[in-house]
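Below, each chain spelled out in residue letters.
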Amino acid sequence: MMLATLAVMASDPVVYHTYYDPLVPVTALPWLLYTILKMIIVFTVLMVGVAMLTLAERKISAWIQDRIGPNRTGYGGLLQPAADGLKNIMKEETYPDAAYMPLFILAPMLSFIPSLITFAVIPFAAPFSSRWGLVEMSVADVPIGFLYILAISSLGVYGIVLAGWSSNNKYSLLGGLRSSAQMISYEISMGMAAVSVLLLSGNVSLQAIVHQQQTMGWNVFPLLIGFFIFCVASFAETNRLPFDMPEAESELIAGYHTEYSAMKFSMFFIAEYSNMVTASALMVTLFFGGWDIPGTQWDNIPPWTLLKFLLTLGFFFTKLLFFLFLYMWIRWTLPRFRYDQLMSLGWKFMLPLALAYIVITGGAILVLDMLQVPRSVQWFGISPFWAVLGVLNLVLAVLVFVILDRGRIISPAYSRLSPLHIARLRAMSAARPFAASQGD
Amino acid sequence: MNTLLYTFHFYLFGLISIASAVAFVTRKSPVAAALWLVNTMFCLSALYVMLDAQFIGAVQVLVYAGAIMVVFLFVVMLLNLGQASDVTDMRGLGGRLTAGLVGLAMLAELFALSRIKFPRLTGAMGDHANVVNPISAPLFHEYLLPFEVTSVVLLVAVVGAVVLAKRGPGAS
């Protein structure tokens, strides 16, 4: 059966033209085969991509700091990830005596698996008409798309918090607690910011969100503030600079993975990078039209040819790589936040802003729909609905950034402490004569 | 083929969730118990997805496994309750007997309920294109008042927690 199917796949498409409807999704055995194929390809691309990202990170940081970066292994350092991987496999696995062993071993896996399976629902290209019907280009086309990603990525925190706790090391524990507090805080803003996208598209399925942006224009303009919140929150969610509190080498050695070595350490690393890939893919899908090619409607309508599939795939990856580059660019541009600044930014600024933004966006969409402003493209390839929301967001953006720039919200280093706070700090240093004798 | 796969998965997730629930009650270490509970939640959400209630499945993971249990874990670790202690909740022969009797009663109830034929709901699923509408439409039209009252109750709980936490000896 399998061989016969493969033989059919390999033969000329024209011969079988009469047997399928190119717009009906594949079913039964071809569906199973295509799903397995997509799983294998996406998993491989993700893993190889993560390996290459570590190299890209080092190359880009070298470029930003005016160095050369790794260039000894392979042509221009291309085999460096392979060498690193080999090194990590060959290294000794250390098991601390005081660690709680079952969870110590489970923690890297709990961090690794959610980060890999979240990518499954992202639509990465236009569907493709095979000879058995339409193949959707996401591993699993689940109707709850975005909620699935939120649910699974909320599980990633277990890996980190358990790694920190089971290591039985105070730096690990502090790193783990910091990280889980940070991830829980920013997850809320992230979900709230994405609600504006869901309001506009009226659906949680990522395919539907991409389709809405194809007919209306990319969400980044009409939902600019939402994108800003989502982008900042996803930096915090992936524990990247300027929010890499859980690691914070200068304070916590290496945070939650201090006690980990060899491949178990590597798994945390892979999880971080594949979280980055998923977060970038999510930003592309929610705000930058997914696999949409800007400025043309050609890619949004059947027939779903191979050329269309490849071109949309290329556009998706270009956008994805831009966001991955943004992650690295920001890492070498912004310094780390202090922990209290991070928390007050998350709870006192991002969350209220996201909540207010839901109300404003919901109200604006309601008013525009009541005025019967058309959502589809009307004048000069621009949708009036899109344009009006966009202008509203530009005004809001100016307001938000003026307020943000006042330096009062995220308690900067030079802000004044309240007299109560100073009194408490003085009492603390008076109570510990050793700390006081050090001169601070 | 499909029903076979369905039955297989039903028993798989059902058995894992029951086993995890048993492990949750019997573990002595609070952290291990909390993690077994997370596993139970996860298997329950798989069962919801199999019932075509995908939204409930996602929310189950998001709210219970992703939020509430993380906070539980947090508390357990911060209060350093993580190590297993020798303190037990078993309170003598009377307690054990009562627990056994209650368990037997619940088992009998389960058997009694399994003999009742529940009416099958058909055609209520609607289309697969939008899974949020069937939940959000009744919630914001028919049951708007209970929904709002519930949110106010939750808000009261949050405000109460903050007030209680602030009323420490150090605060003025």
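The shown structure was predicted, so the numbers you read here are calculated from the model rather than taken from an experiment.

Cut-offs used in this document
- Residues numbered from 1 in each chain as written.
- Chains lettered and ligands numbered in written order.
- Predicted model: local features only at pLDDT ≥ 70, side-chain atom pairs only at ≥ 80, totals over all residues.
- Heavy atoms only, no water.
- Helix = DSSP H or I, 4+ residues; strand = E, 2+ residues; numbered from the N terminus.
- Buried < 20%, exposed > 50% of the residue type's maximum accessible area, 1.4 Å probe, protein only.
- Contact = heavy atoms within 4.5 Å.
- Areas by Shrake-Rupley, 256 points an atom, 1.4 Å probe, with all protein chains shown as cover.
- Core = buried A, V, L, I, M, F, W, Y, C linked by side-chain atoms within 4.5 Å.
- Patch = residues over 30% accessible without salt bridge, like charges linked within 9 Å, V, L, I, M, F, W, Y side chains within 5 Å.
- Salt bridge = Lys/Arg side-chain N within 4 Å of Asp/Glu carboxyl O.
- Domains from an automatic or database assignment.
- Arc of directions from axis to C-beta.
- Axes fitted to C-alpha atoms, helices over the stretch in contact; angles between N-to-C directions.
- Parallel < 35°, antiparallel > 145°, perpendicular 65-115°, else oblique.
- Left-handed = near helix turned anticlockwise from the far one by under 90°.
- Nonpolar A, V, L, I, M, F, W, Y, C, P; charged D, E, K, R; others polar.
- Buried area = accessible area lost by both parts, 1.4 Å probe.
- Polar contact = N/O pair within 3.5 Å; in protein donor to acceptor, adjacent residues only side chain to side chain.
- Expected span 1.5 Å × (residues − 1).
- Bend = angle between axes of the 7 residues up to and from the residue.
- Phe/Tyr/Trp six-rings, centres within 6.5 Å; stacked < 30°, edge-to-face > 60°.

In this section: the overall build of chain A. In terms of helices and strands, chain A carries 16 helices and two strands. The buried share of chain A, reckoned over its 440 residues, is 51%. When contacts within chain A are restricted to residue pairs at least 6 apart in sequence, those whose partners lie at least 24 apart make up 78%. If you sum the accessible surface of chain A, you get close to 21200 Å²; carbon and sulfur atoms cover 72% of it.

Another aspect to go through is the nonpolar core. All names here are of chain A. If you look at the biggest cluster of nonpolar residues, it comprises 127 residues, and the most contacted ones within it are Phe146, Leu162, Phe230, Phe243, Leu286, Phe287 and Phe316. Looking at this core, the element that brings in the most residues is helix α11 (residues 262–287), giving 13 residues. Phe146 has contacts with Ala194, Leu198, Val204, Leu206, Phe230, Leu282 and Leu286, leaving out every residue within four places of it along the chain.

The next point concerns a nonpolar patch on the surface. Residues and elements named next belong to chain B. Residues Tyr6, Phe10, Tyr11, Leu15, Leu44, Tyr48, Leu51 and Ile56 make up a contiguous nonpolar surface patch of roughly 780 Å² in combined accessible area. Contributions of two or more residues to the nonpolar patch are made by α1 (2–26) and α2 (30–50). Here the element with the most residues in the nonpolar patch is α1; it accounts for four residues. Note that Leu51 resides in the loop between α2 and α3 (54–78).

What follows covers the domain arrangement of chain B. Parsing chain B into structural domains produces domain 1 (1–84) and domain 2 (132–172). A separation of 25 Å is found between the C-alpha centroids of domain 1 of chain B and domain 2 of chain B.

What follows is about helix α3 (residues 80–90) of chain A. Residue and element names in this part refer to chain A. Those residues of α3 that sit buried are Gln80, Pro81 and Asn88. All buried residues of α3 fall inside an arc of 100° around its axis, so they share one side. Among the exposed residues of α3, those pointing more than 90 degrees away from its buried face are Leu86, Ile89 and Met90. Close packing links the buried residues of α3 with α2 (28–64) and α11.

Residue and element names in this part refer to chain A. Position of Ala208 relative to the elements: it lies in helix α8 (residues 206–216). With a relative accessible area of 22%, Ala208 lands in the partly exposed category. Between the C-alpha atom of Ala208 and that of Tyr75, which follows or precedes it by 133 residues, the distance is 43 Å.

So, about the pattern of salt bridges. Residues and elements named next belong to chain A. Considering all chains together, one arrives at five salt bridges over all chains under this definition. Here Arg240 and Glu57 are joined by a salt bridge, their closest N and O atoms 2.8 Å apart. Taken together, the residues span a long stretch of sequence, with Arg240 in the loop between α9 (224–237) and α10 (249–252) and Glu57 in helix α2 at a distance of 183 residues. Of the two residues, Arg240 and Glu57, neither departs from the other in class, the shared state being buried. Overlapping salt bridges bring together Glu57, Arg240, Glu272 and Arg331 as one network.

What follows deals with the packing of helix α7 (residues 170–201) of chain A against α8(A). All names here are of chain A. The interhelical angle for the contact between α7 and α8, taken along N-to-C directions, is 65°, at an axis separation of 10 Å. In terms of their interaxial angle, α7 and α8 are classed as roughly perpendicular. Note that α7 runs across α8; the crossing there is left-handed. Residues Val197, Leu198, Leu200 and Ser201 of α7 lie in contact with α8, whose contacting residues are Ile209, Gln212 and Met216. Taken together, the residues of the contact of α7 with α8 break down into five nonpolar, two polar and no charged.

A separate point is the environment of Ser179(A). All names here are of chain A. When you line up the elements, Ser179 lands in helix α7. According to the relative accessible area criterion, Ser179 is buried, its value standing at 0%. Distance in space between the C-alpha atoms of Ser179 and Ala163 is 11 Å, their sequence separation being 16 residues.

Counting residues at the interface gives 22 residues for chain A, matched by 25 residues for chain B. Taken over both partners, the interface formed by chain A and chain B buries close to 2200 Å², and the fraction arising from carbon and sulfur atoms is 76%. One can count zero salt bridges joining chain A with chain B. Counting the contacts that link chain A with chain B gives one residue pair in polar contact (both at pLDDT 80 or more). Those elements that provide at least two residues to the side of chain A that touches chain B are α5 (145–153), α6 (156–166) and α7 of chain A. By residue number, the principal contributor to the side of chain A that touches chain B is α6(A), which donates five residues. Class assignment of the residues belonging to the side of chain A that touches chain B gives a composition of 18 nonpolar, four polar and no charged.

Let us now look at the packing of helix α4 (residues 101–117) of chain A against α11(A). Residue and element names in this part refer to chain A. For the pair α4 and α11, the least separation of the axes is 8 Å and the interaxial angle reads 20°. As far as their axial angle goes, α11 and α4 are roughly parallel. Crossing angle aside, the handedness with which α4 passes α11 is left-handed. Contacts between α4 and α11 involve Phe104, Ala107, Pro108, Met109, Ser111, Phe112, Ser115 and Leu116 on the former and, on the latter, Lys264, Met267, Phe268, Ile270, Ala271, Ser274, Asn275 and Thr278.

What follows deals with α3(B). Under the 1.5 Å per step criterion, the end-to-end length of α3(B) is 34 Å for 25 residues, consistent within 8% with the ideal 36 Å. The sharpest bend along α3(B) reaches about 30° and sits at Met69(B).

Our focus in this paragraph is the packing of aromatic side chains. What the rule picks out here adds up to 20 aromatic pairs over all chains. Measuring from centroid to centroid gives 4.9 Å for Phe140(B) and Phe147(B), while their planes differ by 70°, and the two rings are edge-to-face. Residue Phe147(B) is classed as partly exposed on the basis of its relative accessible area of 29%. Within the aromatic cluster, the residues linked to one another by ring pairs are Trp218(A), Phe227(A), Phe230(A), Phe287(A), Phe288(A), Phe322(A) and Phe323(A).

All names here are of chain A. With respect to the helices and strands, Thr118 occurs in the loop between α4 and β1 (128–130). Residue Thr118 is classed as buried on the basis of its relative accessible area, which comes to 2%. Dropping the residues within four chain positions of it, Thr118 is found in contact with Tyr148, Ile149, Ile152, Ser153 and Thr278.

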